[in-house]
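Chain by chain, the residues:
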Amino acid sequence: MGEDPTLTAVSAAFERRMGPAAAIGEDAERLVRACQEMAERFRGGGKLLVFGTGGSVADAQHVAVEFAHPVIVGKPALPALALTTDMAVATGIARTHGLDGIFAAQLRLLAAPRDIALGLSADGDCAGVRNGLAAARELGLLTVALTGGRAAPEADHVLAARSGDPLIVKEVHVTMYHVLWELVHVFHELEAVR
């Protein structure tokens, strides 16, 4: 008697996710360092500027609202903005700087050196996100990249989902940015009680 194809498909779906999900824990030290530096920037009056393209647009907006309007009672709101929310600005900039220059141009206009730039790219190779991170670094911002696949040499902190499947990368990114939010608050609060 052969194996049940439904059971095989269900098992495969979970197995594809187990390795990338477990790798978040293996990267705990890297995540902690990024969160410590982010908390430091927030304490210094910085804000979080988040961006990504395609499906990462929604993730960028999700990250911004998590920081700006925390759903956990008692957690402070921290200033955050998704660069993907104003289509008039984005398309106007794209006319002049092209799609690959949208985030870099916005950062040059809106960012201060004490700020944090968080770029999301499921494959790690989005030119617009990479250009944005490079511009942010030139401006003195703390740069954090959530990627899949390739590293982002433009970022101070690279948090990579270890999967070639873009859907799984996005699932891991959701967990990563929730951990970022939680630990940034931990470090932010620790400094407040010192």
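A. View of the pairing of strand S5 (residues 157-161). Along S5, 5 of the 5 residues are buried, which leaves the element largely enclosed by surrounding structure. Of the two faces of S5, the one lined by His 157, Leu 159 and Ala 161 and the one lined by Val 158 and Ala 160 are each fully buried. Of the strand pairs in this sheet, strand S4 (residues 142-148) and S5 are connected by 5 bridges, and their pairing is parallel. Its bridge partner lying in S5, Thr 147 is registered against Ala 160.

B. How the structure looks around the pairing of strand S3 (residues 116-121). Counting buried positions along S3 yields 6 of 6 residues, so the element is predominantly enclosed. Residue alternation in S3 divides its side chains into two sets, Ile 116, Leu 118 and Leu 120 and Ala 117, Gly 119 and Ser 121, and both sets are buried. Here S3 runs beside S4; their pairing, made up of 6 bridges, is parallel. Of the residues in S4, the one forming a bridge with Gly 119 is Ala 145. For the crossover from S3 across helix H6 (residues 127-138) to S4, the handedness is right-handed.

C. Focus on helix H4 (residues 87-97). If you check which residues of H4 are buried, you get Ala 90, Ile 93 and Ala 94. Seen along its axis, H4 keeps its buried residues to an arc of 105°; they face one direction. Residues of H4 that are exposed and angled more than 90 degrees away from the buried face: Ala 88, Arg 95 and Thr 96. On its buried face, H4 is in contact with helix H5 (102-110).

D. Layout of the sheet that holds strand S1 (residues 48-52). One open sheet accounts for 5 strands, arranged S2-S1-S3-S4-S5; its pairing is parallel. Pairing within the sheet leaves two strands with one partner each, and these edge strands are strand S2 (80-82) and S5. Geometrically, the sheet is characterised by an average inter-axis angle of 15° between neighbouring strands, direction not taken into account. Those strands touched by helix H2 (residues 28-43) are S1, S3, S4 and S5, and its axis lies near 135° from that of S5.

Thresholds applied
- Numbering of residues begins from 1 in every chain and follows the order in which that chain's sequence is written.
- Where local features are concerned, this predicted model is filtered to residues with pLDDT of at least 70; where side-chain atom pairs are given and counted, the filter is 80 or more; whole-chain, interface and lining totals use all residues.
- Only heavy atoms go into the side-chain values, all of them from the structure, while hydrogens and water stay out.
- Buried means the residue's accessible area, taken with a 1.4 Å probe over protein chains only, is under 20% of the maximum for its type, while exposed means over 50%, and partly exposed covers the values in between.
- Under the scheme used here, helices are H or I runs from DSSP no shorter than 4 residues and strands are E runs no shorter than 2 residues, and both carry numbers assigned from the N terminus.
- One bridge is not enough; two strands pair if DSSP finds at least two bridges between them.
- Crossover handedness is defined here as right-handed if the route from the first strand over the helix to the second strand goes clockwise, with the strands pointing away from the viewer.
- For this quantity, the arc is that covered by the directions from the helix axis to the C-beta atoms.
- Here, two residues are considered to be in contact whenever any of their heavy atoms come within 4.5 Å of each other.
- Every angle, taken between N-to-C directions, lies between 0 and 180 degrees, and every axis is a line fitted to C-alpha atoms, over only the stretch in contact when it is a helix.

Everything listed here is a matter of coordinates, which is why it stays silent on function.
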